[in-house]
Amino acid sequence: MSKYEPLWKYLEDNNKEKYILSYEEIKNILGFEINHSFLTYKKEAKEYGYEVGKISMKERTVIFNRL
C-alpha cells in the first residue's frame, strides 16, 4: 500500500472531474505534508482514475484531473 493511497481513494470516492487541493487540504487527507517524493508517487493516481496536473509551489496547490 502506498503512503498516498488515502489521497487517491479520496479522489476516487468523491468522483469529481477536477480537484484543486491546497497543500493543507492534502495534509488533512494524508496526515502528513507532501514533499518532493510526491513526484515519484503521482503516477499512482492513474490507477484510481486521475492524473496529477499542475503542481503550484507558489499557490501551494495541486490540480487533479479525472481521466
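Look above for the structure.
Along each chain, residue indices are assigned from 1 in the same order as the chain's sequence is written. Owing to the predicted nature of the model, reporting of local features is limited to residues with pLDDT of at least 70; listing and counting of side-chain atom pairs is limited to 80 or more, with chain, interface and lining totals taken over all residues. Side-chain numbers come from the whole structure's heavy atoms, not from hydrogens or water.

## Structural notes on the pattern of salt bridges
What counts as a salt bridge is simple: a side-chain nitrogen of Lys or Arg found within 4 Å of a carboxyl oxygen of Asp or Glu. According to the stated counting rule, one finds three salt bridges in the structure shown. Among the ionic pairs, Glu17 bridges to Arg66, the shortest N-O distance being 1.9 Å. You can see Glu17 sitting in the loop between helix H1 (5-14) and strand S1 (18-22) and its partner Arg66 sitting in strand S3 (residues 61-66), a full 49 residues away along the chain. Residue Lys27 is joined to Glu33 by a salt bridge in which the shortest nitrogen-to-oxygen separation is 3.6 Å. To qualify as a helix, a DSSP run of H or I must reach at least 4 residues; to qualify as a strand, a run of E must reach at least 2; elements of each kind are numbered from the N terminus.

## Concerning the packing of H1 against helix H2 (residues 23-30)
In this analysis an axis means a line fitted to C-alpha atoms, helices contributing only their contacting stretch, and an angle means the value between N-to-C directions, from 0 to 180 degrees. Axis separation between H1 and H2 bottoms out at 8 Å; the angle between their running directions is 105°. Comparing the axis directions of H1 and H2 gives the class roughly perpendicular. For the pair H1 and H2, the contacting residues are Pro6, Leu7 and Tyr10 in the first and Ile26, Ile29 and Leu30 in the second. Every angle not falling under 35 degrees, over 145, or within 65 to 115 is termed oblique; those three ranges are roughly parallel, roughly antiparallel and roughly perpendicular. In this analysis, two residues are considered to be in contact whenever any of their non-hydrogen atoms come within 4.5 Å of each other.

## Some remarks on the side chain of Ser56
Relative to the helices and strands, Ser56 resides in strand S2 (residues 50-56). In protein, a polar contact requires one atom able to donate a hydrogen and another able to accept it; more generally it is a pair of N or O atoms within 3.5 Å, and residues adjacent in sequence count only if both atoms are side-chain atoms. Within the structure, the side chain of Ser56 is placed 2.9 Å from the backbone nitrogen of Glu59, a separation counted as a polar contact.

## Quick look at H2
Only protein chains enter the accessibility calculation, which uses a 1.4 Å probe; a residue whose area is less than 20% of its type maximum is buried, one above 50% is exposed, and one in between is partly exposed. Taken together, the buried positions of H2 are occupied by Tyr23, Ile26 and Leu30. Projected down its long axis, H2 shows its buried positions confined to an angular sector of 60°, all on one face. If you follow the buried residues of H2, they end up packed against H1, S1, S2 and S3. Positive backbone phi, approximately 90°, marks Gly31, located one or two places after H2. Within this analysis, the arc is defined by the directions that extend from the helix axis to the C-beta atoms.

## Points about the sheet that holds S3
In this description, strands pair whenever DSSP reports at least two bridges between them. The sheet built from three strands is open, its strands ordered S1-S3-S2 with antiparallel pairing. Unpaired on one side and paired on the other, S1 and S2 mark the two borders of the sheet. Each strand axis lies, on average, 20° off the axis of its neighbour in the sheet, ignoring direction. Pairing geometry for S2 and S3, over five bridges, is antiparallel.

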